[in-house]
Amino acid sequence: MELLINDTLYRQYMKYNQEEEMEPKFCQHDFGHHLDVARIAYILVLEHNDLNYFIKECGLSGRLAAKEVIYAAGLLHDIGKWKEYKEGIDHASYGARLARDILARTFFNQNEVDIISQAIFEHRNISLDMSFLGERLHRADNLSRICSECPDLSQCPKAKFKEINVSGFEY
């Protein structure tokens, strides 16, 4: 993961996110958020005993590769957010394209690049035909925010897509 988070393109896109969120009204899409999403996605897979399924289903080489794929998806899922702010382009589809370049530069193989890029593309909206990792990434993104005390919740564009639980801490 060091190669990924120190990659010049990754750092540039994260800087663009920061610049576009200088006067925040809603949640930030910074490294802390990306890391939270990566960790929660991995926890979701582990808690449901799905790691071996994920490895087999996706043709991954083992547990370490699966963990790196999950973390990479979380760390990259919002790298296109700045483009959405600037031009209204869907950040998930744009970010999936940006991720492909970064992943190739940081030695992920083509299968891993495809799995991660698809999950990033899918993470924004839940659907019945999404990939295993896309669904976990979507849930992790929603679970990464504690919205109950947010003063701007009623105007939040993401609130209507937020996963609802008895407690915001349950998953």
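Look up a bit, the structure's there.
Here is a short report on the structure shown in this document. Residue positions are given per chain, counted from 1 along the sequence in the order it is written. Local features in this predicted model are restricted to residues of pLDDT 70 or higher, and side-chain atom pairs are both shown and tallied only at a pLDDT of 80 or more, whereas totals for entire chains, interfaces and linings draw on every residue. As a rule here, side-chain values come from all non-hydrogen atoms in the structure, and water together with hydrogens is ignored.

**Re the side chain of serine 117**
Reasoning step 1: The numbering of helices and of strands both runs from the N terminus, where a helix is a DSSP run of H or I of at least 4 residues and a strand a run of E of at least 2. As for its placement among the helices and strands, serine 117 is situated in helix H8 (residues 110-122).
Reasoning step 2: We classify serine 117 as buried; its relative accessible area is 2%.
Reasoning step 3: Any pair of N or O atoms that falls within 3.5 Å is considered a polar contact. Within protein, one atom must be able to donate a hydrogen and the other to accept it, and sequence-neighbouring residues count only if both atoms are side-chain atoms. Only 2.8 Å separates the side chain of serine 117 from the backbone oxygen of valine 113, close enough to count as a polar contact.
Reasoning step 4: When checking whether two residues touch, look at their non-hydrogen atoms; a contact exists if any pair is within 4.5 Å. In this structure serine 117 touches Ala96, Arg100 and Leu103, once residues within four positions along its chain are discounted. Only protein chains enter the accessibility calculation, which uses a 1.4 Å probe. A residue is then buried if its area is under 20% of the maximum for its type, exposed if over 50%, and partly exposed in between.

**A look at the packing of helix H4 (residues 51-58) against helix H5 (residues 63-76)**
Reasoning step 1: With their axes 10 Å apart at the nearest point, H4 and H5 run at an angle of 90° to one another. Put simply, H4 runs roughly perpendicular to H5. For the pair H4 and H5, the contacting residues are Leu51, Asn52, Phe54 and Ile55 in the first and Arg63, Ala66, Val69 and Ile70 in the second.
Reasoning step 2: Each residue is assigned to one class: nonpolar for Ala, Val, Leu, Ile, Met, Phe, Trp, Tyr, Cys and Pro, charged for Asp, Glu, Lys and Arg, and polar for all the others, Gly among them. Grouping the constituent residues of the contact of H4 with H5 by class yields 6 nonpolar, 1 polar and 1 charged. Between the N-to-C directions of two axes lies an angle of 0 to 180 degrees, each axis being a line fitted to C-alpha atoms and, for a helix, fitted only over the stretch in contact. By definition in this entry, angles of less than 35 degrees are roughly parallel, angles greater than 145 are roughly antiparallel, angles of 65 to 115 are roughly perpendicular, and the rest are oblique.

**Topic: the environment of phenylalanine 132**
Reasoning step 1: Structurally, phenylalanine 132 can be placed in helix H9 (residues 132-143).
Reasoning step 2: A sequence separation of 87 residues divides phenylalanine 132 from valine 45, and the C-alpha atoms of the two residues are 9.5 Å apart.
Reasoning step 3: Ignoring anything within four residues of it in the chain, the contact list for phenylalanine 132 reads Val45, Asp50, Tyr53 and Phe54.

**Describing the packing of helix H2 (residues 8-20) against helix H7 (residues 91-105)**
Reasoning step 1: At a minimum axis separation of 9 Å, H2 and H7 run at an interaxial angle of 145°. Along its contact with H2, which presents Thr8, Leu9, Tyr10 and Tyr13, the element H7 presents Leu98, Asp101, Ile102 and Arg105.
Reasoning step 2: The class makeup of the residues in the contact of H2 with H7 is 5 nonpolar, 1 polar and 2 charged.

**Digging into the nonpolar core**
Reasoning step 1: Ranked by internal contacts, the top residues of the largest apolar core, which has 46 residues, are Leu4, Tyr10, Phe54, Leu76, Ile79, Leu103 and Ile116.
Reasoning step 2: In this view, phenylalanine 54 contacts Leu60, Ala66, Val69, Ile70, Ile115, Phe132 and Leu133; residues no more than four positions away in its chain are not counted. The term nonpolar core refers to a set of buried residues drawn from Ala, Val, Leu, Ile, Met, Phe, Trp, Tyr and Cys, joined through side-chain atoms within 4.5 Å.

**Let's talk about unusual backbone geometry**
Leaving glycine aside, a negative phi is the common case for residues, and trans is the common case for peptide bonds.
Reasoning step 1: With phi around 55°, asparagine 49 is a residue other than glycine that occupies positive phi space.
Reasoning step 2: The topology assignment puts asparagine 49 in the loop between helix H3 (31-47) and H4.

**Some details on the environment of alanine 96**
Reasoning step 1: With respect to the helices and strands, the residue alanine 96 is situated in helix H7.
Reasoning step 2: Taking the relative accessible area as the measure of exposure, alanine 96 reaches 8% and is therefore buried.
Reasoning step 3: Here the alpha-carbon distance between alanine 96 and glutamate 122, two residues 26 residues apart in the chain, equals 9.0 Å.
Reasoning step 4: The contact partners of alanine 96, leaving out residues within four places of it in the chain, are Ser117, Ile120 and Phe121.

**Let's talk about the packing of aromatic side chains**
Reasoning step 1: A pair of Phe, Tyr and Trp rings is counted when the ring centres sit within 6.5 Å of each other, with Trp represented by its six-membered ring. The angle between the planes then sorts it: under 30 degrees is stacked, over 60 is edge-to-face, the rest tilted. Enumeration over the complete set of coordinates arrives at 7 aromatic pairs.
Reasoning step 2: Seen in terms of ring centroids, tyrosine 13 and tyrosine 16 are 6.4 Å apart; in terms of plane orientation they differ by 50°. Their pairing is tilted. One end of the pair is tyrosine 13 and the other is tyrosine 16, both in helix H2 and 3 residues apart, which spans about a single turn.
Reasoning step 3: Given the relative accessible area of 26%, tyrosine 16 is considered partly exposed.
Reasoning step 4: Judged by centre distance (4.7 Å) and plane angle (65°), the rings of tyrosine 16 and tryptophan 82 are edge-to-face. Of this pair, tyrosine 16 sits in helix H2 while tryptophan 82 sits in helix H6 (residues 81-87); the two residues are 66 residues apart in sequence, bridging distant segments of the chain.
Reasoning step 5: Residue classification places tryptophan 82 among the buried residues on the basis of a relative accessible area of 8%.
Reasoning step 6: Put simply, the rings of Tyr13, Tyr16, Trp82 and Tyr94 touch in pairs and so form one group of aromatic residues.
Reasoning step 7: In this scheme, Lys NZ or Arg CZ marks a charge over a ring once it lies within 6 Å of the ring centre and within 35 degrees of the ring normal. Sitting over the ring of tyrosine 85, lysine 81 keeps its end group 5.6 Å from the ring centre.

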